[in-house]
Amino acid sequence: MVVGTVTASSLQSQPPGSTGPTEPIGPTEPSRGEGSSLVGLVPAAVRLRWKLSTNRLRRRGKRNRRLVYVFAVAYTILNVVVLGQARTADDAQAASTLVLLMTSMALGWVFGPVLIGGVDETIDPTRLALLPLTSRERYVIQLSSALTGIGPVTATAGLVFGLSIGHTRLGVSLVIVPCAALVAVLFMVGSARSLAAVLAIAQRSRVGRDMAVLLAALLGAAIFTMAQFGRRVLDVEGSPLIAFLGWLPWAWPARSINAARVGSVTPALGWLLVSAVGAVASHLLWARLSDLLLRKGERVAQARRRGDRALLNGATTEFGAVLSRQWIYLRRSPNNRVGIVFGTVFGVAFSLVQIAQQGEGSDELAAFGILLAMAANLGAATNVLGFDAGSLWLEVLAGGPTKVGLLGRQLIALPNLLLPTWLSGVVVAITTRQWTLVLLVALLAVPIAVNVLTFGTITSVVSPAPLPDLDNPFGNRQSNESRGMRIAVIAVTAMMTIITLSAPIFVLLGWVFASPARWIVPPVSLIYACALLWAASTWAAGHIQGREPKLIERLAPRAFN
Amino acid sequence: MQLSSTNPKRPLAVEADGLTKRFGDKTAVDRINLQVPVGSWYGVVGPNGAGKTTTIRMIVGLLEPDDGTAEIAGVPVWPDPTAVKRLVGVLPDDLRLFERLSGEEFLLYVGLLRRFERDEVLRRSNELLTLLGLDRTAGDLVADYSTGMRKKIALAAALLHSPKVLLLDEPFESVDPVSSRIIVEVLQHYRGGGGTIVFSSHVMDTVERLCDHVAIVSEGRVARSGTVDAMTDRFKLRLEDVFVDAVGAGAVTNPDGLGWLSVP
C-alpha cells in the first residue's frame, strides 16, 4: 500500500468506507450498530473481569487456585444451607434471622472493601477514561465487571438458591423470592460502588480523606461489635436492633421475602417495588458519581507542604534523622494516618467488647483489659522494614539500616500502640470509677508497648513483607495478597511472646500490688523493657548486615530497575 | 571484542571481571568484563533488557552476583560492600525516593544517614539545589516533583558525599532539554574535579557526545568496548550504526502488514 502525503485537503473528512490515499486521518468508526452497542459490550467486560480474576489465581499457583475454588464452592453451599434452613424454622424466627443475615451481608458487601481496602481496575471509571465511551456504555462495562468474578457469582448463587429453598411456598413467593434475591444483589452492588466513588472523591482533600477513614473505621468497629453480640441480639424477642435493621434499605428485599413467605402478596410486592427503586437509585448515583470522577480526574490530594519548623525537626544525628522521618511520615503518609485511625477505633472497640463480654462486677479485670487495645495495631510495629521499601536502596547505599535506624523506625509505633490503650482507659475509668487503677495500668502500658516493639524489631527483619506507601489509603489489598497466613502467624506469636516478655512485670506488680510501691513498677519495668529492645535492635542490625541485597530483592525487586 | 586498548597502567575506577547473574533459568548478565579508567566518562549502552541495570546493581553492592568480581577504586565490592558504598554515588532509572519528604529534607536525611554534620549537609545541599535549579522548589514534597526534578534531586543525593565514582542509570530518560543541559553541566563539573562517571543509556547521540569510553552490552554480554574514538573510527562512523551492527538488530521485515496504518 502506498503511503500518501499529508496535505491540507487530505485532512478534510471523507465518507466512511473510502480507501486508498484519500482515506481520512482519524479513528475508524467501530462496526457495531448503535442499538447493539450496549449489549455488545457485556461479553467483553465479563471476559475482562473473569480473565483478571483467573489470571491472578493462576499466578498464585496450583494449590492456592484449588483452595480458592474449594472455598468458593463451600461458601456457596454454606450460604444455601444457612439460608435454606429457614424452611424448617417458624415464620417469626425466620423473618428476624433473614433481616439480620441480609443486612449483615449487605453491610459486609458495601463496607467490607472499604475496611479491607482494594482497587479493582475494571470498576474504576478512570481506567476507562481514554476510551470513546458514552456514560451508558461505561456504566454497562462497570456493572458487568462488578457482577463477574468469583465473589459476586458465588454470593449471588448462594442468595438465589438459598432463599428460594428456605423461603418459598406455593404461589406468588415462587416468583417474588428469587426476584427479591436478585434485587438485593443489585442493590448491594450499586451501594458498594457508590460508596467507593464517594470515598474516591473525598480523598481529594486531606480532611476529606481523614474523615472517610474515620467513618470507615467507626462503621467497621460497629460491624465488629454487632458481630460479637449477634447471638445475644437474636435471643431477645422483638429486639429493637432487628427492628432498626429492618428499616435499613438493604433489608427491604428481606421484608419482601418475609411477606411473600406468609402469603401477604401486596406487602411483598410493595417491598419488592421499594427495593427495586432503591437499587435503581443506587445505580443512578453510581453512574453519576463515576461521571463526576472522570470529569474531575483521579489525582489525589498530596500531603501539606512543610511548615516553618526546622528541617527534619532539627535532627543532627542519624538516629534523629530516622526518628524525624518516621514522625513526618506518620503525619504525611495516608497509610500511616489510616493505620493510627483504624487502630485506635478498632483497638478501643476490641478492648471494650472483650471487657463487656467478661461480665459485670470485675472492675480490676476491666482496667487491665485496656491493654488488649494494642492488639489492633500490632501491624504498626511488626513490619517497619517492609513499609515503603521502595526507597530502602537509598538507606542501604548510605550504610544502613543500622541499629539506631531500626530503633527510630520502631519507636514511632508507640503512638499507635498507646493511643487506643489510653482512650480505652478513659472509657473504663469513667464507667468503673477506678481512676487510680486505670492510671497505673496506663503507665504499665508503656513498658508493655516497648515489649511489643521488641517483638516487632525481630519480626521486621526476620519476616518483612512489602507494603507500598500508596496515596489511596483504601488501596492496599493487593499488597496483602497471599500474606494472610503471615499476619495470622505473627499475631499468634506476638501474643505469646509479648505475654512471656511482660510476665516479669506482672509478677513484680502482683508482689507489691497492695502497697504504695506499686507505683515503682512502671519505671522499673520500662528500664527492663528498654534493655530488651536494645538487645533486640543489636541482634536485628547484625542480622541484616550482609543481607541487604536479599532484603531489597524481597521487598522492592523493581526499586532499582 | 575489545576495539581499543584501555591503558593498562592507568588506574581503574571500576573493574568488573566475569560478573554473572542468573534469575531462575534466565541469565541476565553473562560474564561481563568492564574496565573503567579513573576520570573517564564511560557509557554502557545496550537494548532494553540487555543487563545494564543488573550490572550496575552488582557493581554498587545492591545485588549479589552469582559469579565474578567487581572492584571500585581497587576496593572489592563483594562479599562486604560496606566500604564501597562510601565511594559511589548512584542515580537509578526508576526513582524510588522518600516521596513524603521535601527536597531539602530528603537531602538532609541522606546526608545525616551518611553521618555528615548537619551544617555541612545543609551547606552542600543548598549549593547543589541552587546549581540544579531546585532552590525555589526545595520545600515541595518529592512526590510533587516532575520527572526532571526527581532526576535532579536524586543526582544531588548521589553527589552529596562527593563520591569517587558516579553510576547513573538512564540519567537523561524522560528529562527535558533544559534539565538535561543542567545535569550535563553538573556532571562535567564533577568530572573536572577528578570524578569518574559510568552511565547507562540507549540514546546513542548522548553517549557519543559525552563519553570517552563505551561498552555495548547485548544479551548480558559485552559485545564491544573501547574508546568512542576507536569505536567510531575517529567519528567516521556513527555510534548508532556501530551499536546496531554489534547487537545484530534487523529491520522491520513486513511493513505491508500495517497497511491500514496509512496517512493520505
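Residues numbered from 1 in each chain as written. Chains lettered and ligands numbered in written order. Predicted model: local features only at pLDDT ≥ 70, side-chain atom pairs only at ≥ 80, totals over all residues.

Asker: Explain the overall build of chain B residue by residue, including any values.
Answerer: In terms of regular secondary structure, chain B is built from nine helices and 10 strands. For 264 residues, the compact-globule estimate of 2.2 N^0.38 gives 18 Å, and the C-alpha radius of gyration of chain B, at 19 Å, lies within 12% of that figure. Principal axes of the C-alpha set define a box for chain B whose edges measure 60 × 55 × 40 Å. When the 264 residues of chain B are sorted by exposure, 47% land in the buried category. (Helix = DSSP H or I, 4+ residues; strand = E, 2+ residues; numbered from the N terminus. Rg over C-alpha atoms; globule rule 2.2 N^0.38 Å. Buried ≥ 20, exposed ≤ 12 C-beta atoms within 10 Å, placed from the backbone.)

Asker: Account for the confidence of the model for chain B, with residues named and values stated.
Answerer: Mean pLDDT over chain B works out to 87, with 93% of the residues at or above the 70 mark. Taken together, the chains of this predicted complex give a pTM of 0.72 and an interface ipTM of 0.78. (pLDDT = per-residue confidence, 0-100.)

Asker: Which residues make up helix 12 (residues 318-332) of chain A, and what values go with them?
Answerer: Spacing of three or four residues puts side chains on the same side of an α-helix, whose turn is 3.6 residues. Helix length check: helix 12 of chain A, at 15 residues, gives a terminal C-alpha distance of 21 Å against a target of 21 Å (1.5 Å per residue), a fit within 8%. Taken together, the buried positions of helix 12 of chain A are Glu318, Ala321, Val322, Leu323, Ser324, Arg325, Gln326, Ile328, Tyr329 and Arg332 of chain A. (Expected span 1.5 Å × (residues − 1).)

Asker: An account of helix 4 (residues 135-147) of chain A is needed here, citing residue identities and associated values.
Answerer: Taking 1.5 Å per residue, 13 residues should reach 18 Å; helix 4 of chain A reaches 18 Å between its end C-alpha atoms and fits that length. The complete set of buried residues in helix 4 of chain A reads Tyr139, Val140, Ile141, Gln142, Leu143, Ser145 and Ala146 of chain A.

Asker: Give a detailed account of the pairing of strand 1 (residues 12-23) of chain B, specifying residues and quantitative values.
Answerer: Residue and element names in this part refer to chain B. Note: strand 1 against strand 2 (residues 26-37), eight bridges, orientation antiparallel. By the bridge assignment for strand 2, Glu15 is matched with Gln35. Joining the antiparallel neighbours strand 1 and strand 2 is a turn of two residues, in which Gly24 adopts a positive phi near 65°. (Pairing = 2+ DSSP bridges.)

Asker: I'd like to hear about the sheet that holds strand 1 of chain B, residue by residue, with values.
Answerer: Residue and element names in this part refer to chain B. Ordered in space as 2-1-4-5, the four strands form an open sheet in which the pairing is antiparallel. In the strand order of this sheet, the two ends are held by strand 2 and strand 5 (75-76), each with one partner. The sheet strands contacting helix 1 (residues 52-60) are strand 1, strand 2 and strand 4 (67-72), and the helix crosses strand 1 at an angle near 120°. (Contact = placed C-beta atoms within 7 Å. Axes fitted to C-alpha atoms, helices over the stretch in contact; angles between N-to-C directions.)

Asker: Describe the sheet that holds strand 10 (residues 221-227) of chain B, naming the residues involved and giving the relevant values.
Answerer: Residues and elements named next belong to chain B. Spatial ordering of the open sheet is given by 6-7-8-3-9-10, a layout of six strands whose pairing is mixed. If you trace the sheet from one side to the other, it starts and ends with strand 6 (88-91) and strand 10, each paired once. On average, each strand axis in the sheet is tilted by 15° relative to the strand beside it, whichever way the strands run. Note that strand 9 (residues 213-218) and strand 10 share six bridges and pair antiparallel.

Asker: Before we move on, could you go through the environment of Ala180 of chain A and cite the residues and values that matter?
Answerer: Residues and elements named next belong to chain A. As for its placement among the helices and strands, Ala180 is situated in helix 6 (residues 173-202). For the pair formed by Ala180 and Leu98, sequence separation is 82 residues and the distance between their alpha carbons is 13 Å. Ala180 has contacts with Pro253, Ser256, Ile257, Leu272 and Ser275, leaving out every residue within four places of it along the chain.

Asker: Before we move on, can you summarise the confidence of the model for chain A with the specific residues and values?
Answerer: Residue and element names in this part refer to chain A. For chain A, mean pLDDT is 80; residues scoring 70 or higher make up 81% of the total. pLDDT under 50 marks residues 1-27. Its contacts with residues more than four places away, or in other chains, come to 26 contacts. pLDDT under 50 marks residues 476-482. Its contacts with residues more than four places away, or in other chains, come to 13 contacts.

Asker: Give a description of the environment of Glu364 of chain A that names residues and reports values.
Answerer: Summarising the element assignment, Glu364 of chain A is placed in helix 14 (residues 363-369). Accessibility expressed as a C-beta count within 10 Å gives 12 for Glu364 of chain A, which makes it exposed.

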